[in-house]
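Listed below are the residues making up each chain.
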Amino acid sequence: MPNFDEHRIAPGQKVDLRKLESDGKDLVSNPSQLENEFHERRTEIVELGEKLFAEGRQKLLIVFQAMDGGGKDGTIRSVFEGANPQWVEVTSFRKPSAEELSRDYLWRIHKAVPPSGKIGVFNRSHYEDVLVVRVHKLVPEGVWKPRYKQINAFEEVLTASGTTILKFFLHISKNEQKQRFEERIQIPEKRWKFDPADLEKRKYWDDYRAAFEDMMEKCSTENSPWYVVPADQNWYRDLVVASVIADTLKKMAPKYPDPPDVSGIVIE
Ligand code: AMP
Ligand code: MG
């Protein structure tokens with residue numbers, strides 16, 4: 001069973017995405033065997049998620065960030081296939097509404113964190129407030145720079161209240177992004193995903209890269225680690241994400257609650 005700890009960013013570790021693999025196919029010797037492995041890990045997630053829900057004490061927050069076209073939607077779809085909608089809650093964060101903008105940037109995030117017994121999945125997150133907001137200068141530097149510390153403090157609050165946190169950066173190459181955007185234009189079923197704004201953002205690739213690197217250097221902590229997932233190949237990406245989640249759930253070791261004493265009960 002491959003060990004994917006190599007993709008985890010240690011606290012304070014310098015991150016240079018140009019040196020980190022975006023294509024997982026060279027990292028494993030036997031891709032065909034790994035399809036089975038992925039299905040096993042996904043089954044574990046479903047079984048452990050059910051126990052987490054029954055136990056009703058712990059919670060898991062999973063954050064996805066990526067360049068546009070990085071595969072956040074696809075990863076969530078394949079990794080959580082078969083999961084019970086009663087205990088997995090996905091929240092997608094788009095451009096903040098006027099109502100959201102009139103509050104602090106963590107307001108909408110905090111409202112969406114998972115309650116006891118559930119797995120919360122963030123498709124984008126509070127990290128947009130040090131990514132798109134930084135790159136496109138939506139607020140001054142004096143406002144976004146202190147956010148790394150604020151985010152670490154916010155995540156500490158979640159950890160202290162029993163939330164386990166995992167954060168995945170889906171790492172694609174610039175060429176892979178080009179191909180995916182082209183598919184969105186050419187394949188009718190994918191066209192709804194094409195957003196001309198993404199082409200504009202692509203021009204800022206290097207600025208985004210620097211923002212992602214800073215985000216991971218400053219906000220990968222012992223209790224709330226970032227993983228850089230090679231994501232050019234969907235199967236490798238899905239396997240890494242499913243494995244890390246399954247291993248984390250195993251460590252959380254949820255248990256069915258003790259059953260009530262049923263001795264002597266007769267149902268008329
Ligand atoms: P999508 O995920 O394709 O639906 O796109 C959502 C868009 O919302 C992306 O372009 C994000 O960069 C943008 N977005 C998400 N959060 C924020 C934020 N806090 N401030 C500005 N734009 C955001
Ligand atoms: Mg989009």
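Our subject is the structure that appears above.
K.L.:
Would you mind showing me how to read the site of ligand 1 here?
P.N.:
Neighbouring ligand 1 are F93, R94, K95, P96, R108, R124, E128, D129, V132, V133, L138 and K201. Separating an oxygen atom of ligand 1 from a side-chain N or O atom of K201 is a distance of 2.7 Å. Here ligand 1, which alone exposes 500 Å², has 79% of that area covered by the protein. Counted by class, the shell around ligand 1 contains 5 nonpolar, no polar and 7 charged residues.

K.L.:
Would you mind going over the packing of aromatic side chains with me for this structure?
P.N.:
Two descriptors summarise a pair of aromatic rings, namely the distance from one centre to the other and the angle between the planes of the rings. Applying the stated criterion to the full structure yields 9 aromatic pairs. When the ring of F4 is compared with that of Y236, the centres are 5.8 Å apart and the planes differ by 85°; the resulting orientation is edge-to-face. Within this pair, whereas F4 is found in the segment before α1 (34-55), its partner Y236 is found in helix α11 (residues 234-252), the two being separated by 232 residues in sequence. Aromatic pair W235 and Y236: ring centres 5.9 Å apart, planes at 90°, arrangement edge-to-face. On the basis of relative accessible area, Y236 is assigned to the buried category, the value being 1%. Taken together, the ring pairs in this structure connect F4, W235 and Y236 into an aromatic cluster.

K.L.:
Explain a nonpolar patch on the surface here, please?
P.N.:
A contiguous nonpolar patch, built from V262, I265 and I267 and spanning about 360 Å² of accessible area, is present on the exposed surface. Counting through the fold element by element, I267 comes out in the segment after α11.

K.L.:
Explain the packing of helix α7 (residues 147-160) against helix α10 (residues 205-219) here, please?
P.N.:
A pair of packed helices can be characterised by two numbers: the angle between their axes and the separation between those axes. Between α7 and α10, the least distance of the axes is 10 Å, while the angle of their chain directions is 50°. As judged from the angle between their axes, α7 and α10 are oblique. By crossing handedness, the relation of α7 to α10 is classed as right-handed. Here α7 contributes Y148, I151, N152 and E155 to the contact with α10, which in turn contributes D214, M215, K218 and C219. Counted by class, the contact of α7 with α10 contains 4 nonpolar, 1 polar and 3 charged residues.

K.L.:
Whenever I open this one, the pairing of strand β4 (residues 163-171) confuses me. Can you help?
P.N.:
Put simply, side chains in a regular strand alternate between the two faces of the sheet. Most of β4 is tucked away, with 8 of its 9 residues classed as buried. Taken together, the 8 bridges between strand β1 (residues 59-66) and β4 define a ladder with parallel strand orientation. Bridged to K59 within β4 is T163. Alignment of β4 against strand β5 (residues 226-230), held across 5 bridges, turns out to be parallel. Of the residues in β5, the one forming a bridge with K167 is W226.

K.L.:
Mind showing me how you'd approach the sheet that holds strand β3 (residues 119-123) here?
P.N.:
Pairing between the strands of a sheet is mediated by backbone hydrogen bonds and can be parallel or antiparallel. In space, the 5 strands of this open sheet follow the order β2-β3-β1-β4-β5, with parallel pairing throughout. The sheet is open, and its two borders are formed by β2 (88-92) and β5, each paired with just one other strand. Along the sheet, successive strands turn relative to each other by an average axial angle of 20°, direction set aside. When β1 meets β3, the two strands line up parallel, connected through 5 bridges. Bridge pairing links I62 to V121 in β3.

K.L.:
Explanation requested: the pattern of salt bridges in the structure shown.
P.N.:
Pairing between side chains of opposite charge can happen when the charged atoms of each approach one another. Taken as a whole and judged by the stated rule, the model has 30 salt bridges. The salt bridge partner of K250 is E44, with a shortest N-O separation of 3.2 Å. Here E44 lies in helix α1 and K250 lies in helix α11, a separation of 206 residues in the sequence. With a relative accessible area of 40%, K250 lands in the partly exposed category. Ionic pairing is found between R124 and E128, a salt bridge with its closest N-O pair at 3.1 Å. A relative accessible area of 19% places R124 in the buried class. On the basis of relative accessibility, which here comes to 10%, the residue E128 falls in the buried class. Through salt bridges that share partners, R41, E44, D247 and K250 make up one connected network.

Cut-offs and rules
Residues numbered from 1 in each chain as written. Chains lettered and ligands numbered in written order. Predicted model: local features only at pLDDT ≥ 70, side-chain atom pairs only at ≥ 80, totals over all residues. Heavy atoms only, no water. Near = heavy atom within 4 Å. Polar contact = N/O pair within 3.5 Å; in protein donor to acceptor, adjacent residues only side chain to side chain. Areas by Shrake-Rupley, 256 points an atom, 1.4 Å probe, with all protein chains shown as cover. Nonpolar A, V, L, I, M, F, W, Y, C, P; charged D, E, K, R; others polar. Phe/Tyr/Trp six-rings, centres within 6.5 Å; stacked < 30°, edge-to-face > 60°. Helix = DSSP H or I, 4+ residues; strand = E, 2+ residues; numbered from the N terminus. Buried < 20%, exposed > 50% of the residue type's maximum accessible area, 1.4 Å probe, protein only. Patch = residues over 30% accessible without salt bridge, like charges linked within 9 Å, V, L, I, M, F, W, Y side chains within 5 Å. Salt bridge = Lys/Arg side-chain N within 4 Å of Asp/Glu carboxyl O. Axes fitted to C-alpha atoms, helices over the stretch in contact; angles between N-to-C directions. Parallel < 35°, antiparallel > 145°, perpendicular 65-115°, else oblique. Left-handed = near helix turned anticlockwise from the far one by under 90°. Contact = heavy atoms within 4.5 Å. Pairing = 2+ DSSP bridges.

None of this, on its own, says anything about what the molecule does.
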